[in-house]
Amino acid sequence: MGGAFLAACGATPPGPAVSSILPAHGPTTGGTDVTIRGSGFDNATNVEFGSQPAQFKVLSDADLSAVAPAGTGTVAITVTVRGDSPTTSSSNRFSYRKVPTVRSVRPNSGTAAGRTTVLVQGTGFGPDARVLVGTRPARVVEVKNLDALYAIIPAGFGMQSVRVVTSNGASVPLKSVRYYYRSKILVIGDSLGIDLGWGFTPTLPDGRYLSVTDNAVGSTGLIRSDFYNWPMKLKAELRSLPPTVVVALFGANDEQPISTKKGVAQVGTKAWGVAYEARVRQLASIVVSSGAIIAWVGLPRMGPRADISQRFASQVDTLDQAALRSTTKGGFVSIAKLFTTRSGGYTPYVRIGGTIALGRQPDEVHITPAGASAIDTVVLALLFELARTVPK
């Protein structure tokens, strides 16, 4: 506006002048949003970092915003205005700094509880360096120099990338630089529990750090202990493994009368609910007493053609959640919304990342491997929270 006003008055507007740039540095890969302040920017036609043109936007006669292109070293910023010679700031220069890299983490494994101190080595760390294990921050205790730092690993599960983040950017996650949480997962349940194990198994096929034992048994449940005594079998499995985590999914075969001290209770009655909740609480207590943590997964939403009613599935979810409420080393995982549309109806499809996949079998009860992966992603979110209670 100022230059245009002077031109209208017959005066020659002054050329552009750069007085400051913020920030004055960024990664060599480019992409830094830079605010350039000065004067005479109204009719700017070009902004260059060194010899490289930059995308820019004129905010006012005194302000420009630009996106730094890729580059190296320290370069001058040049602003060109229509009808004027390019103006270069000699005092306000932009410095390219290398994005940090990570080449090793030692040790590269530890317990699910975290709290392991590791040496991270690479380049370009700096005093403001932060460490991410997967998406979780580790506590940096000492930056020795630009190539090494010490950090304390957070609680977690599975195999996670390790990255260093500074004001210059974040290191690229490498397959060769991973941190492995040593943990054993035991999956128990009925035929749906068998399906659930499919989602965990591919996490680390070699089983060196994360092992998954799927001991779910089809046609079983919490009702008929005369057919399969889960409390007795579970105690034996906890002694022989022993696991860090037990993931349980029951209910597919439990829509039937249950024996109580006062006789047989029918599905849907208060007595049935009290007895069923007690059996869920009993298994959870057995797991916690062994030193492991329990993740109890609710039933998925049932389709209209399923031989299990959605009303029963909802009742089991309510009882499961109530039974786990007082558990200090465990929690309930609801998965009903994974197979529910926005309008509240049933859908057999799940979203995994940006992909839509078939998550349910044709019987609208059982789960596909893709469905198991979607469910286990929700389960793992709980396990990350519960990992803090695991003994080191």
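Residues numbered from 1 in each chain as written. Predicted model: local features only at pLDDT ≥ 70, side-chain atom pairs only at ≥ 80, totals over all residues. Heavy atoms only, no water.

Draft legend 1. Highlighting the overall build of the protein chain. The number of helices and strands found in the protein chain is 6 helices and 26 strands. For the protein chain, whose C-alpha radius of gyration is 30 Å, the value lies well above the compact-globule estimate of 21 Å for 392 residues. Expressed along its principal axes, the backbone C-alpha trace of the protein chain runs to roughly 105 × 50 × 30 Å. When the 392 residues of the protein chain are sorted by exposure, 48% land in the buried category. The long-range fraction of contacts in the protein chain, counting pairs at least 24 apart against all pairs at least 6 apart in sequence, stands at 63%. With an accessible surface of roughly 18,700 Å², the protein chain has 54% of that area assigned to carbon and sulfur atoms. Of note, the protein chain has its 39 positive side-chain charges centred 7 Å away from the centre of its 25 negative side-chain charges. (Helix = DSSP H or I, 4+ residues; strand = E, 2+ residues; numbered from the N terminus. Rg over C-alpha atoms; globule rule 2.2 N^0.38 Å. Buried < 20%, exposed > 50% of the residue type's maximum accessible area, 1.4 Å probe, protein only. Contact = heavy atoms within 4.5 Å. Areas by Shrake-Rupley, 256 points an atom, 1.4 Å probe, with all protein chains shown as cover. Lys, Arg positive; Asp, Glu negative; His and termini not counted. Charge placed at Lys NZ, Arg CZ, Asp CG, Glu CD.)

Draft legend 2. Main features of the sheet that holds strand 7 (residues 63-67). Here 4 strands make up an open sheet; going across it, the order is 1-3-7-6 and the pairing antiparallel. Among the strands making up the open sheet, the edge pair consists of strand 1 (17-22) and strand 6 (55-60). Here the average twist between neighbouring strands, direction ignored, is 25°. Sheet topology note: the strand 3 (residues 33-39)/strand 7 ladder contains 5 bridges and is antiparallel. Residue pairing for strand 7: Arg-37 is matched across the bridge by Asp-63. (Pairing = 2+ DSSP bridges. Axes fitted to C-alpha atoms, helices over the stretch in contact; angles between N-to-C directions.)

Draft legend 3. Molecular detail of unusual backbone geometry. Of note, the bond from Leu-22 into Pro-23 is cis; its omega dihedral lies within 30 degrees of zero at -5°. Within the fold, Pro-23 resides in the loop between strand 1 and strand 2 (25-27). Here the bond from Arg-106 into Pro-107 is cis, since omega is -10°, no more than 30 degrees from zero. Its place among the elements puts Pro-107 in the loop between strand 10 (101-106) and strand 11 (109-111). Of note, Ser-219 is a non-glycine position whose phi angle comes to about 70°, a positive value. When you line up the elements, Ser-219 lands in the loop between strand 19 (210-214) and helix 3 (230-240). Given a relative accessible area of 55%, Ser-219 falls into the exposed group.

Draft legend 4. Focus on the environment of Gly-122. Relative to the assigned elements, Gly-122 resides in strand 12 (residues 117-123). The sequence separation of Gly-122 and Arg-103 amounts to 19 residues, and the corresponding C-alpha distance is 5.0 Å. The contacts of Gly-122, once residues within four sequence positions are left out, are Thr-101, Val-102, Arg-103, Leu-146 and Asp-147.

Draft legend 5. Just the pattern of salt bridges, in detail. Evaluation of the coordinates by the stated rule reveals 4 salt bridges. Taking the shortest distance from any N to any O, the salt bridge between Arg-281 and Glu-277 comes out at 2.4 Å. Separated by 4 residues within a single helix, Arg-281 and Glu-277 lie in helix 4 (residues 270-289), roughly one turn from each other. Judged by its relative accessible area of 18%, Glu-277 falls in the buried class. Between Arg-305 and Glu-364 there is a salt bridge whose closest N-O contact spans 2.9 Å. Note that Arg-305 is positioned in the loop between strand 23 (293-297) and helix 5 (310-324) and Glu-364 in the loop between strand 26 (355-358) and helix 6 (369-386), a separation of 59 residues in sequence. Residue Arg-305 is classed as exposed on the basis of its relative accessible area, which comes to 65%. Overall, the relative accessible area of 6% leaves Glu-364 in the buried class. (Salt bridge = Lys/Arg side-chain N within 4 Å of Asp/Glu carboxyl O.)

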